[in-house]
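Read off the chains here:
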Amino acid sequence: MTFQVLALAYLEPKSPRTPAAAAQRPLGDGAAEGALLGAKLYRQFLNRAHAGIVRIYMSVVSIKSITFNRGVGSAAECRSLRRALALETPEHVKESTAPADRRPAVSSFDWGGAATGLLAAFLVVYLALENGGYDPIPRDQVGVAVWWLVLLAVAVEALPVPGRTRASLAVLGLLAGFGVWTAISLGWTQSAERTADELARVATYLGVLVLGVCLVTRRRAGARQILHGVAFGLGLIAALGVLSRLQMAWFPVNELGTVLPGIEIERRLSYPLGYSSAIGALAGMALPLLLAATASARTLAGQALAAATIPLAGLALYLATSGTGAIVAVAAMLAFLALAPDRMPKLLTLAAGGGGAAMLALAVHSREALARGLPTPAAEAQGDEMIWIGLAVCAAVAAIQVGIGLAARSLRRPRWLRPSRGEALVATAVVILVAIPVAFAAGLPGEASDRWEVFKSHGEGAQAAPSSPASILDSTSSGRYQFWQSAVDAGEAEPWQGIGPGTFEFWWAQHGSYKGFVRNAHSLYLEAFAELGIVGLVLIGGFVLAVLGTGAVRSLRAPPEERLVLAAATAGAAGFAMAAALDWVWQLAALAVAFMLLAAVAVSGYSLPEPHRRRRRTKRRNRHRLQRAAVAAVAVAALIAIWFPLQGATHLRQSQVDAAQGDLAAALQQAQDAADAQPNAAAPLLQEALVLEQQGKLTPAATAAAEATRKEEANWRTWTILARIEAERGRVERSLRAYGRAKALNPNFILFRTG
């Protein structure tokens, strides 16, 4: 402050005793000319001295603000001081005397940033609309497109080489190591076809992560743009899901009731992912991203749009009636509030958005026909009413957000509404210390113990319970505890290498604790332990922990604006990590791709360039070429890993379509093409056997079915088809032998149960 006063005092002399004033005195001709020359030289000196002192002062202020006060307020203070100190300099005078018709500079639209955000949103939305990306064909198509984009963009230097920091290299290395270990497991897996499919899945996710890291390190604004793209994609899917309930005639009919009768499964919102718990997890992941966008969006309109989407995400979570979704939402929001800066405006926005979601949920609950999820005339009429109610509620929340944004820009909050980090930690500790005895006094430990026992139990009664909004707080596991136990047993049977990726279904069919079809272990980490052993668990668990840990540390160390983006990305990633521990969201590519993009922001967003080192230009150039060559090699390997399963799945799907249409010749040709694309796969051979059976060619059909059993000896389906074909051929002994093998592999199947 003293330096500022001195500078202003020096730059604004108020004394009339200056050479210019002295030049006005009546002097002689020589003396007057000398005085005028001296005045001119002194004015030039003042202008140069002023410019130099202003630059020195602004450098000191900037260094001070960066070092001691990295907040938004310090930057605004610097800008105001810069305007205040904009006195007359030669440059200033030149600009002020510029022609009046000079056109001001117009900021061009950021097409690159818009493309980055739209690309992130497109990946999430496209896979979500393709049944959540569970189908391998659209998922692998995305993988091929992403890796081609990375390969070409890195080759022509349109994108930088991924991994500018050690943290991002470690995260990329862990996921790549998980993929390499999956590829190595082809040597001992029970199904080469399913393991190849899992390898294609990991390669696709790795490609999305690499692309995300490249985009966020290409430009500093890339982190915010990808975050907004993912938030827009998740919010749009949540809104579409809600609209599918309000206007059921506009969307495909929900046929889950015919598959799972008696539990009113139609009440659970599942469109477009096809799984209600996945919709709940998606809404939980979207909440911190939308809340962050209400502050990080550059315009009030963008902030209002993000706030207006929060009630829709909350309503989607309510309609999904998923306990998993509720846990994901709580975990994601707690992580966001723990890491985000300036929480007070965000808490106000959360209160407004949460209140709007509660109003919409109550409105749906009071309309029974709409809540049941059945396409009836009454439900259609109530859906029309809810659309207007939803628009009104969302508009009100948007208006509240505009008010919050204007207040945050123009009003200065009192000191008690701006707690420091230490004060926030003390307040949190006090709340925890008060909550613990209150929880014990209220009997929370006993309640938790009872709920845990209910979670561990499994029975037909739990499965037959009708769906209702109360299901969101239901503690029944729906068999998850038994799935997890079976996964642990499989991992203990082969602790280091596992039973093979994608083969948990075979283990459950043979060793499951109750009857019923299960394909996944409903936990990414336990399934990795079962199928890939301790090594696989360490790699995938280390990858997730590295993303969350790196994101949390970088969030707490970043300046406020960057911290908000990093905190939101880390919170969304934490929501997915929680969902992956409780359900099979890893197999839903829409959610996994969103997680990979958020992980890229968390570990590489706003990353600083590498420190400059003096090297010879040739050495730097060679190293640069080596890095790009390594990226190209990884991209080619990933494309190969994805291409053959994609070709096999495409031909197999077309064969099934042709067979359903009665074109058996084309179906047989497509099945053979699928077998050529994947020589070690059993499904194309089984499809070939079925087509030959329909053609009445039983001998080649039996040969193809027997070959399928050799490809997948642990798959009870191949043995069942072989037993049927052999019985049709009149080979009773072979048929009974195949039937016995199928029964041993799946003793709980209804076809094999006696009595």
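Note that the structure is a prediction, hence the values are computed from the model and not measured. (Residues numbered from 1 in each chain as written. Predicted model: local features only at pLDDT ≥ 70, side-chain atom pairs only at ≥ 80, totals over all residues. Heavy atoms only, no water.)

Draft legend 1. Summary view of the overall build of the protein chain. For the protein chain, the count of helices and strands is 31 helices and zero strands. Taken across its 755 residues, the protein chain has 48% of its residues classed as buried. Of all intrachain contacts in the protein chain linking residues separated by at least 6 positions in sequence, the fraction that spans at least 24 positions is 75%. Total accessible area on the protein chain stands at roughly 37500 Å², and carbon and sulfur atoms take up 63% of it. (Helix = DSSP H or I, 4+ residues; strand = E, 2+ residues; numbered from the N terminus. Buried < 20%, exposed > 50% of the residue type's maximum accessible area, 1.4 Å probe, protein only. Contact = heavy atoms within 4.5 Å. Areas by Shrake-Rupley, 256 points an atom, 1.4 Å probe, with all protein chains shown as cover.)

Draft legend 2. Layout of the nonpolar core. Grouped together as the largest cluster of nonpolar side chains are 133 residues, with contacts concentrated most on Leu-209, Phe-336 and Phe-543. At 15 residues, helix H25 (residues 589-604) tops the list of elements feeding residues into this core. Sequence-distant contacts of Leu-209, that is, excluding residues within four places in its chain, are made with Val-171, Leu-172, Leu-175, Phe-543, Met-596, Ala-599 and Ala-600. One finds Leu-668, Ile-721, Leu-722 and Ala-738 within the second-largest nonpolar core, a separate group that totals 26 residues. (Core = buried A, V, L, I, M, F, W, Y, C linked by side-chain atoms within 4.5 Å.)

Draft legend 3. Geometry of the packing of helix H13 (residues 300-320) against helix H17 (residues 377-410). Direction vectors running N to C along H13 and H17 enclose 135 degrees, while the axes themselves pass 8 Å from each other. In terms of their interaxial angle, H13 and H17 are classed as oblique. Relative to H17, H13 is oriented so that their crossing is right-handed. Residue-level contacts link Leu-300, Gln-303, Ala-304, Ala-307, Ala-308, Pro-311 and Leu-312 of H13 to Cys-394, Val-397, Ala-398, Gln-401, Val-402, Gly-405, Leu-406 and Arg-409 of H17. In the contact of H13 with H17, the residues fall into 11 nonpolar, three polar and one charged. (Axes fitted to C-alpha atoms, helices over the stretch in contact; angles between N-to-C directions. Parallel < 35°, antiparallel > 145°, perpendicular 65-115°, else oblique. Left-handed = near helix turned anticlockwise from the far one by under 90°. Nonpolar A, V, L, I, M, F, W, Y, C, P; charged D, E, K, R; others polar.)

Draft legend 4. Molecular detail of a nonpolar patch on the surface. Taken together, the side chains of Val-426, Val-430, Val-434 and Val-438 make up a nonpolar region of the molecular surface, amounting to roughly 340 Å² of accessible area. With respect to the helices and strands, the residue Val-434 is situated in helix H18 (residues 421-441). (Patch = residues over 30% accessible without salt bridge, like charges linked within 9 Å, V, L, I, M, F, W, Y side chains within 5 Å. Salt bridge = Lys/Arg side-chain N within 4 Å of Asp/Glu carboxyl O.)

Draft legend 5. Local environment of the packing of aromatic side chains. Tallying each qualifying case throughout the model produces 10 aromatic pairs. Considering the side-chain rings of Trp-716 and Phe-749, the 4.6 Å spacing of their centres and the 40 degrees angle between planes classify their relative orientation as tilted. Of this pair, Trp-716 sits in helix H30 (residues 716-729) while Phe-749 is found in the segment after helix H31 (732-745), placing the two residues 33 residues apart along the sequence. Taking relative accessible area as the criterion, Trp-716 reaches 11% and is therefore assigned buried. For Phe-749, a relative accessible area of 28% translates into the label partly exposed. By the ring-pair criterion, three or more aromatic residues cluster together here, those being Tyr-134, Tyr-275 and Trp-584. (Phe/Tyr/Trp six-rings, centres within 6.5 Å; stacked < 30°, edge-to-face > 60°.)

Draft legend 6. A look at empty space enclosed by the protein. For the structure on display, the rule yields three cavities of 30 Å³ or more. Forming the boundary of the largest cavity are Phe-178, Thr-182, Glu-198, Val-202, Pro-501, Leu-524, Glu-527, Ala-528, Glu-531, Leu-532, Trp-586 and Gln-587. Within the residue set of the lining of the largest cavity, elements represented by two or more residues are helix H8 (166-184), helix H9 (192-218) and helix H23 (524-557). For the lining of the largest cavity, the per-class residue count stands at seven nonpolar, two polar and three charged. (1 Å grid on protein atoms, 1.4 Å probe; cavity = no way out; pocket = protein on both sides within 12 Å on 5 of 7 lines; lining within 4 Å. Points joined across faces, edges and corners; volume = space filled by probe spheres on them.)

Draft legend 7. Looking closely at helix H28 (residues 683-694). Relative to the 16 Å expected for 12 residues at 1.5 Å per residue, H28 spans 17 Å between its end C-alpha atoms, a close match to the ideal helical length. Among the 12 residues in H28, nine count as buried, and that is most of the element. Residues of H28 that are buried: Pro-684, Leu-685, Leu-686, Gln-687, Glu-688, Ala-689, Val-691, Leu-692 and Glu-693. One or two residues past the end of H28 sits Gly-696, with phi positive at roughly 85 degrees. (Expected span 1.5 Å × (residues − 1).)

Draft legend 8. Region of interest: the confidence of the model for the protein chain. Averaged over the protein chain, the pLDDT score is 82; the fraction of residues at 70 or greater is 78%. Below a pLDDT of 50 lies the segment residues 53-107, which in the model reaches 38 contacts outside its immediate sequence neighbourhood of four places, other chains included. In the model, residues 610-615 has pLDDT below 50 throughout and makes three contacts with residues more than four positions away in sequence or in other chains. (pLDDT = per-residue confidence, 0-100.)

Draft legend 9. Broad picture of the pattern of salt bridges. Considering all chains together, one arrives at 18 salt bridges under this definition. Ionic pairing is found between Glu-157 and Arg-628, a salt bridge with its closest N-O pair at 3.9 Å. On the criterion of sequence distance, the pair formed by Glu-157 in the loop between helix H7 (136-155) and H8 and Arg-628 in helix H26 (residues 617-660) is long-range, its members being 471 residues apart. The buried category is assigned to Arg-628, whose relative accessible area is 13%. Residues Asp-197 and Arg-201 are paired through a salt bridge, measuring 3.8 Å at the closest nitrogen-oxygen approach. Remark: Arg-201 and Asp-197 occur in helix H9; sequence separation between them is four residues, near one turn of the helix. As far as burial versus exposure is concerned, Asp-197 and Arg-201 are alike and both buried. Salt bridges linked by common partners bring Arg-139, Asp-140, Asp-197, Glu-198 and Arg-201 together as one network.

Draft legend 10. Structural context of unusual backbone geometry. Following Tyr-271, the chain continues to Pro-272 via a peptide bond in cis, the omega torsion being 0 degrees. Mapped onto the fold, Pro-272 is located in the loop between helix H11 (256-259) and helix H12 (276-296). A positive phi angle is found at Asn-131, which is not glycine, with a value near 60 degrees. Position of Asn-131 among the secondary structure elements: in the loop between helix H6 (111-129) and H7. Positive phi is not limited to glycine here, since Tyr-606 has a value of about 60 degrees.

Draft legend 11. Inspection of the side chain of Thr-349 at higher detail. Summarising the element assignment, Thr-349 is placed in helix H15 (residues 343-365). Setting aside anything within four residues of it in sequence, one finds Thr-349 in contact with Leu-291, Thr-294, Ala-307, Ile-310, Gln-401 and Ile-404.

Draft legend 12. Main features of H12. Relative to the 30 Å expected for 21 residues at 1.5 Å per residue, H12 spans 30 Å between its end C-alpha atoms, a close match to the ideal helical length. The sharpest bend along H12 reaches about 25 degrees and sits at Ala-286, with the proline Pro-288 one to four residues further on. (Bend = angle between axes of the 7 residues up to and from the residue.)

Draft legend 13. Highlighting the environment of Leu-692. Its location among the elements puts Leu-692 in helix H28. Considering only alpha carbons, one finds Leu-692 and Ala-667, 25 residues apart in sequence, at a separation of 9.7 Å. Other than its neighbours up to four places away in sequence, Leu-692 contacts Leu-668, Lys-697, Pro-700 and Ala-701.

Draft legend 14. Fine view of the environment of Gly-740. Among the structural elements, Gly-740 can be located in helix H31. Separated by 21 residues in the primary sequence, Gly-740 and Trp-719 have C-alpha atoms spaced 8.7 Å apart.

Draft legend 15. Quick peek at the side chain of Ser-244. With respect to the helices and strands, Ser-244 occurs in helix H10 (residues 222-246). Polar contacts involving the side chain of Ser-244 include one to the main-chain carbonyl oxygen of Gly-241, which spans 2.5 Å. (Polar contact = N/O pair within 3.5 Å; in protein donor to acceptor, adjacent residues only side chain to side chain.)

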